[in-house]
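# Summary of the model geometry
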Amino acid sequence: MSRNSPGPIAIVGAGGFVGRHLAARLQRDGLAPRCIARDPARAAAVLPAGADLRAGELLDGASLAAALEGVDAIVHCAAITADRKERYPGEYRRVHVDGTRTLVDAARARSVSRIVLMNGLGTRPGKAGSYMRTRWEMGETVRQSGLGWVALQPSVLFGDGAAFPAAFARLSRQLPVMPVLGGGTRLQPLWIEDLVTCLAMACATTRWDGRAIDLGGPEQLTFSEMLDLIMDATGRRRPKVPLPLPIARVQARLMSVLPNPPLVPATLELFDFDNVTELDAVPRNFGFQPRGVREHLREHGLDG
Ligand SMILES: NC(=O)c1ccc[n+]([C@@H]2O[C@H](COP(=O)([O-])OP(=O)(O)OC[C@H]3O[C@@H](n4cnc5c(N)ncnc54)[C@H](OP(=O)(O)O)[C@@H]3O)[C@@H](O)[C@H]2O)c1
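Throughout what follows, the structure given in this document is the object of discussion. (Residues numbered from 1 in each chain as written. Predicted model: local features only at pLDDT ≥ 70, side-chain atom pairs only at ≥ 80, totals over all residues. Heavy atoms only, no water.)

The next subject is the sheet that holds strand E2 (residues 34-37). Sheet architecture is open: 7 strands sit in the order E3-E2-E1-E4-E5-E6-E11, paired in parallel fashion. Of all the strands in the sheet, the pair left with one neighbour each is strand E3 (52-55) and strand E11 (212-215). Recorded for the sheet is a direction-independent mean angle of 20° between the axes of neighbouring strands. Pairing analysis gives 4 bridges linking strand E4 (residues 73-76) to strand E5 (residues 114-118), with the strands arranged parallel. Bridge pairing in E5 places Ala 73 opposite Arg 114. This element, helix H1 (residues 17-28), spans strand E1 (9-12), E2, E4 and E5 of the sheet and lies at about 160° to E1. The sheet contacts of helix H4 (residues 91-109) involve E1, E4 and E5, and relative to E4 the element is tilted by about 170°. (Pairing = 2+ DSSP bridges. Helix = DSSP H or I, 4+ residues; strand = E, 2+ residues; numbered from the N terminus. Axes fitted to C-alpha atoms, helices over the stretch in contact; angles between N-to-C directions. Contact = heavy atoms within 4.5 Å.)

Following this line, the structure appears as structure tokens:
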């Protein structure tokens, strides 16, 4: 069902990777999104010129209530991604669960009608105390919010500024060998611009409301095959060595003393299961064919 007279769409986490690509698209589509970021000056550097930029911190209800005035729908892209360490114990829970509850409360107080949530493919309850549990509860908070909601849950993303391919390109510069995490774990990479098309469509209609939709591109690759593609794109071939998950977990725990460790325990939770869905998830749900990662990296490199 199409929405007749929607007010502005607010992007929470607008300075992040997904948020800024979505902001650019909505701006190009003439929708003038409200861009909410906890550090507006930093976000301004990556957002389109003239963006309607407001300050909003997930843990500060007053800032969110002010930023959401007059907004009709929210796209919630603010989170701590699984490659980042917690700055203090419990930060994942605080941001994902308490922060999302604060956002939902502010949205209800401002009569926002809908929320489109960015979550990860295969988000599940997970073990108590795990990163995954906080992402599941983030979803639960939105599902039980009383607002109209839809959650988009992609596999790993690629395209201009994507963190995952960039991290492994960096490792190929720094290390003589490439660690192959998690044996045969499979991924189904999705192009950021295709995700943004799905998000824009989810903003424009209520037809998917009440669903958490797993998304992936047209190819499923093992992590090892993904590393090959990244190394081909950088022109730096390194021998690959298997890094079994139990050893990787020990390494991640040891590295947690570093300020920005290259490996964190939360990342390894994503290797506990195949990060894939149906190959036709995008065409079946959104009616278009997404771009493949092989073709993209061959023609555009890592940042295209
Ligand atoms: N990238 C992927 O491959 C991928 C794949 C599947 C799902 N996702 C999901 O998509 C969403 C967006 O990911 P992303 O790649 O765009 O990550 P990102 O670039 O790290 O962006 C996350 C944003 O959240 C903001 N944020 C974090 N804590 C906040 C807080 N307390 N208050 C307000 N804002 C806060 C960050 O602000 P600062 O810039 O100030 O830190 C940043 O702008 C996440 O839920 C992620 O798990 C991403």
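Next up on the list: the packing of H4 against helix H5 (residues 131-143). The geometry of H4 relative to H5 is characterised by a closest axis approach of 8 Å and an angle of 5° between their N-to-C directions. The angle between H4 and H5 falls in the class roughly parallel. Contact with H4, carried on its side by Tyr 92, Arg 93, His 96, Val 97, Thr 100, Arg 101 and Val 104, involves Tyr 131, Arg 133, Thr 134, Arg 135, Glu 137, Met 138, Thr 141 and Val 142 of H5 and no other residues of that element. For the contact of H4 with H5, the residue count by class is 6 nonpolar, 4 polar and 5 charged. (Parallel < 35°, antiparallel > 145°, perpendicular 65-115°, else oblique. Nonpolar A, V, L, I, M, F, W, Y, C, P; charged D, E, K, R; others polar.)

This part is about the site of the ligand. Taken together, 23 residues lie near the ligand, and Phe 17, Val 18, Arg 38, Glu 57 and Arg 135 sit nearest. At 3.4 Å, a backbone N or O of Met 118 approaches an oxygen atom of the ligand. For the ligand, whose accessible area on its own is 890 Å², the fraction buried by protein is 86%. Looking at the shell around the ligand, its residues break down into 11 nonpolar, 7 polar and 5 charged. (Near = heavy atom within 4 Å. Polar contact = N/O pair within 3.5 Å; in protein donor to acceptor, adjacent residues only side chain to side chain. Areas by Shrake-Rupley, 256 points an atom, 1.4 Å probe, with all protein chains shown as cover.)

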